[in-house]
Amino acid sequence: MEREWKVLAERERIHKGGKSHDKLEKAGKRFVRDRLKLYFDEERPFYETGLFAQVLNEKLPADGVVTGTGKMDDRIVYFMASDFTVKAGSMGKYHSEKVLRIQEAAIRGKRPIVYMIDSSGGRIDEAGGYHVEKYSGGKIFYNHSILSGRVPQIAVLYGPCFAGTAYMPVFSDFTIMVDQMAGMAIASPRMVQMATTQKVDIEELGGSHMHATKSGSADFVAESEEHAAEIVKKLMTYLPDHFDAELPEYPAADPKLDPKDIDNLIPQEPNRAYDVHKLIDSIVDADSFLEVKKDYAKELVTGFARLNGKTVGIVANQPMHKGGAIFPESSDKGAKFVWTCDAYNIPLLYLCDTPGFMVGTKVEQEGILRKGRNFIFASSCANVPKLCVIVRKAYGAGIYAMAGPAYEPDTTIALPSAEIAIMGPEAAINAVYYNKIQAVEDPKERAELVKKLQEEYRAGYDIFKLSGELVVDDLIVPSDLREELISRYETFENKDFKLPERKHSTMLS
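Residues numbered from 1 in each chain as written. Predicted model: local features only at pLDDT ≥ 70, side-chain atom pairs only at ≥ 80, totals over all residues. Heavy atoms only, no water.

Enquirer: Which residues make up the side chain of Asp353, and what values do they have?
Expert: By the element assignment, Asp353 lies in strand β13 (residues 348–354). Take Asp353: its relative accessible area is 1%, and that puts it in the buried class. Here the side chain of Asp353 touches Tyr274 through a polar contact of 2.7 Å, side chain to side chain. A distance of 3.1 Å separates a polar atom in the side chain of Asp353 from the backbone nitrogen of Lys393. Those residues in contact with Asp353 that lie beyond four places of it in its chain are Tyr274, Asn317, Pro319, Gly323, Gly324, Val391, Arg392 and Lys393. (Helix = DSSP H or I, 4+ residues; strand = E, 2+ residues; numbered from the N terminus. Buried < 20%, exposed > 50% of the residue type's maximum accessible area, 1.4 Å probe, protein only. Polar contact = N/O pair within 3.5 Å; in protein donor to acceptor, adjacent residues only side chain to side chain. Contact = heavy atoms within 4.5 Å.)

Structure follows, in structure tokens:
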């Protein structure tokens, strides 16, 4: 009994954490063990491992990190969660080893892993060589890399994270930052000032707003800790346990908007804007769309939804922003999302309405060719069921990135509003007939000539003509789009389309 009592007493002491609870309260944050209750079905984790790390050092309960498994909506999930009350959640030798062990458990156990990070980084006073030794904190990113595409990895940030702990979220599949709490950067503001003399605060350097809108490193911004847990739980409803597992299914629901109104939603004029979210809400099950990176590169919309109760990943051009043109940022966004869906066998739906890739010196300097290549590469190599819908404009190489006919979609569907051309009529006529147009001095005659030439050009890509030439597989009425997609995805559920053998490509998306 005495031996049992001693273990229970030590466990109770460790569960209380460190001495910095006052700092948590001041910051308006939950204690780590209270935070876990937001995620898991039980009062305590399904099981906890490494609880007695640093048991002989009363200042370092559990060495500042809780690791184990929990049941999230009855699904087993691995986790690590920083304990900010112990040396500001910093990573020491055993802390890091616990993280490595839970990652390796996720590799073997083939279950998702959630990283709840509230850490000031590596402990300088324990530096030595532990961060580069074979089994050390430096191996965490190796494990992230091995886990990538094997099981879903989700990171949630609750405070400023610098250096090593800032890499953990960007190595994960999805990153959630709690607004006004979280931050991540390769170095702290103080280190930045020492190295560059630049004075900057954490919000400007690496706050949630910056990463959500400018760097694209944050997939979601949560309003609170409770909201962050809700996002993780909702995200999990679209993801499998591992790359070879079945996707979750839910009861089918009618769409939020009536599919019969799709034709009224899409403007007659090819350059007039509309909100593609309304098109999505006319296709997918009501309230099932979860947008990923919604504040970044808004000209491209990416996210998960359910179609007749089954998960799909959606990639859609957004005419409301920058005319739906594809920029370097949206190329990165599209490539990452497509590659993630392909890794976890999530079918893809492309809704194409784009004038193509943006041109000009600025985007060239930002790597439009290289980043656009990555988007095209990801769409080309994704061998999950993928359907392409030409909603309206499909100009230039934009349709390549959006999995057009030559990029092995299982079906290319066109709506009556579809236009497929190397470029829009205005640009094409100006490129081909510039001298002829300029030679006409009378403004009225010139306008009539331009109109005539544009009409002749449009006739060449009339969607009935292209359907007759089998450029697209089918031309359908918009009100049938949802049912067409449901039927076609069902027929490709057993898709088997292997890529030519190789070790791996030379392109990183």
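Enquirer: Can you break down the sheet that holds strand β9 (residues 220–222) residue by residue, with the values?
Expert: Backbone hydrogen bonds hold the strands of a sheet together, and the pairing may be parallel or antiparallel. The seven strands are arranged β1-β2-β3-β4-β5-β7-β9 in an open sheet whose pairing can be described as mixed. In this open sheet, the two edge strands, each paired with only one partner strand, are β1 (47–49) and β9. Mean inter-strand twist for the sheet, computed between neighbouring axes without regard to direction, equals 20 degrees. Bridge analysis of strand β5 (residues 153–157) against strand β7 (residues 174–178) gives four bridges, and the strand direction is parallel. When the bridges of β7 are listed, Ile154 appears paired with Phe174. (Pairing = 2+ DSSP bridges. Axes fitted to C-alpha atoms, helices over the stretch in contact; angles between N-to-C directions.)

Enquirer: How would you explain the environment of Ala316 if you had to name every residue and give the values?
Expert: Take Ala316: it is sitting in strand β12 (residues 310–317). Sequence separation of Ala316 and Leu300 is 16 residues, and the distance between their C-alpha atoms is 5.8 Å. Other than its neighbours up to four places away in sequence, Ala316 contacts Val276, Ile280, Glu299, Leu300, Val301, Leu351 and Met402.

Enquirer: Break down the pattern of salt bridges for me, with residues and values.
Expert: The full count for this structure, using the stated rule, is 24 salt bridges. A salt bridge links Glu225 to Arg35; its shortest N-O distance comes to 2.9 Å. One end of the pair, Glu225, is in helix α10 (residues 225–236); the other, Arg35, is in helix α3 (residues 32–39), and 190 residues separate them in sequence. (Salt bridge = Lys/Arg side-chain N within 4 Å of Asp/Glu carboxyl O.)

Enquirer: So what about the packing of helix α13 (residues 328–343) against helix α15 (residues 368–381)? Which residues, and what values?
Expert: In the contact formed by α13 and α15, the axes pass within 8 Å of each other and the chain directions differ by 25 degrees. The angle between α13 and α15 places the two elements in the roughly parallel class. For α13 against α15, the interelement crossing comes out left-handed. When α13 is examined against α15, the residues Pro328, Ser330, Ser331, Asp332, Gly334, Ala335, Val338, Trp339 and Asp342 are found in contact with a partner set consisting of Ile368, Lys371, Gly372, Asn374, Phe375, Phe377, Ala378, Ser379 and Cys381. (Parallel < 35°, antiparallel > 145°, perpendicular 65-115°, else oblique. Left-handed = near helix turned anticlockwise from the far one by under 90°.)

Enquirer: Outline a negative patch on the surface, listing residues and values.
Expert: A contiguous patch of negative charge on the surface is contributed by Glu441, Asp442, Glu445 and Glu448. If you trace the backbone, Glu445 turns up in helix α18 (residues 443–460). (Patch = residues over 30% accessible without salt bridge, like charges linked within 9 Å, V, L, I, M, F, W, Y side chains within 5 Å. Areas by Shrake-Rupley, 256 points an atom, 1.4 Å probe, with all protein chains shown as cover. Lys, Arg positive; Asp, Glu negative; His and termini not counted. Charge placed at Lys NZ, Arg CZ, Asp CG, Glu CD.)

Enquirer: So what's going on with the pairing of strand β4 (residues 113–117)? Which residues, and what values?
Expert: Every regular strand shows the same layout, with side chains that alternate between the two sheet faces. Of all five residues in β4, five are buried; the element is thus mostly enclosed. Every second residue of β4 is oriented toward a common face, with Ile113, Tyr115 and Ile117 on one face and Val114 and Met116 on the other, all of them buried. Read as a crossover between parallel neighbours, the route from strand β3 (residues 75–82) over helix α4 (residues 93–109) to β4 is right-handed. As defined by bridge partners, β4 adjoins β5 across five bridges and the pair is classed as parallel. When the bridges of β5 are listed, Val114 appears paired with Ile154. (Right-handed = clockwise from strand over helix to strand, strands pointing away.)

Enquirer: Can you explain helix α5 (residues 140–147)? Please cite residues and give values.
Expert: Taken together, the buried positions of α5 are occupied by Ile140, Asn143, His144 and Leu147. End-on view of α5: buried residues confined to an arc of 105 degrees, all on one side of the axis. For α5, the elements touching its buried residues are α4, β4, β5 and α6 (164–171). Following α5 by one or two positions, Gly149 adopts a phi angle in the positive range, close to 80 degrees. (Arc of directions from axis to C-beta.)

Enquirer: Just give me the short version of the nonpolar core, but keep the residues and values in it.
Expert: One finds Tyr39 and Phe304 to be the most contacted residues of the largest nonpolar core, which totals 69 residues. Ranked by the residues each element gives to this core, the list is headed by α10, at six residues. Formed by 28 residues, the second largest nonpolar core is a distinct cluster that contains Val276, Val389, Leu481 and Ile486. (Core = buried A, V, L, I, M, F, W, Y, C linked by side-chain atoms within 4.5 Å.)

Enquirer: Help me get a handle on the packing of aromatic side chains, residues and values and all.
Expert: Per the stated rule, a full pass over the model turns up ten aromatic pairs. Three or more aromatic residues joined by ring pairs make a cluster, and in this case those are Phe174, Tyr238, Phe304 and Phe337. Taking the ring centre of Tyr158 as reference, the NZ or CZ of Arg35 above it sits at 3.7 Å. Over the face of the ring belonging to Phe327 we find Lys322, whose NZ or CZ atom lies 4.4 Å from the ring centre. (Phe/Tyr/Trp six-rings, centres within 6.5 Å; stacked < 30°, edge-to-face > 60°. Lys NZ or Arg CZ within 6 Å of the ring centre and 35° of its normal.)

Enquirer: Give me the packing of α4 against α5: which residues, what numbers.
Expert: In the contact formed by α4 and α5, the axes pass within 10 Å of each other and the chain directions differ by 15 degrees. Taken together, α4 and α5 sit at an angle that is classed as roughly parallel. When the axes of α4 and α5 are compared, the crossing they make is left-handed. Residue-level inspection shows Ser96, Val99, Leu100, Gln103, Glu104, Ala106 and Ile107 of α4 in contact with α5, the latter providing Ile140, Asn143, His144, Ile146 and Leu147. In the contact of α4 with α5, the residues fall into seven nonpolar, four polar and one charged. (Nonpolar A, V, L, I, M, F, W, Y, C, P; charged D, E, K, R; others polar.)

Enquirer: Just give me the short version of the side chain of Lys293, but keep the residues and values in it.
Expert: With respect to the helices and strands, Lys293 occurs in the loop between β10 (290–292) and β11 (300–307). The class of Lys293 is buried, set by a relative accessible area of 11%. At 2.5 Å, the side chain of Lys293 forms a polar contact with the backbone oxygen of Gly216. Setting aside residues up to four positions removed in sequence, Lys293 forms contacts with Gly216, Ser217, Ala218, Asp219 and Lys333.

Enquirer: Any chance you could break down α3 for me, citing the residues and the numbers?
Expert: When you tally the buried positions in α3, you get six out of eight residues, the bulk of the element. Here α3 has its buried residues at Val32, Arg33, Arg35, Leu36, Leu38 and Tyr39.

Enquirer: Can you explain a nonpolar patch on the surface? Please cite residues and give values.
Expert: A contiguous nonpolar surface patch, about 360 Å² in accessible area, is contributed by Tyr167, Val170, Phe171 and Ile186. Topologically, Val170 is positioned in helix α6.

Enquirer: Pulling in residues and values, what's your account of unusual backbone geometry?
Expert: Backbone geometry at Lys87 places phi at a positive 50 degrees, although glycine is not the residue there. Turning to its location among the elements, Lys87 is positioned in the loop between β3 and α4. One non-glycine residue with positive phi stands out, namely Lys293, at about 55 degrees.

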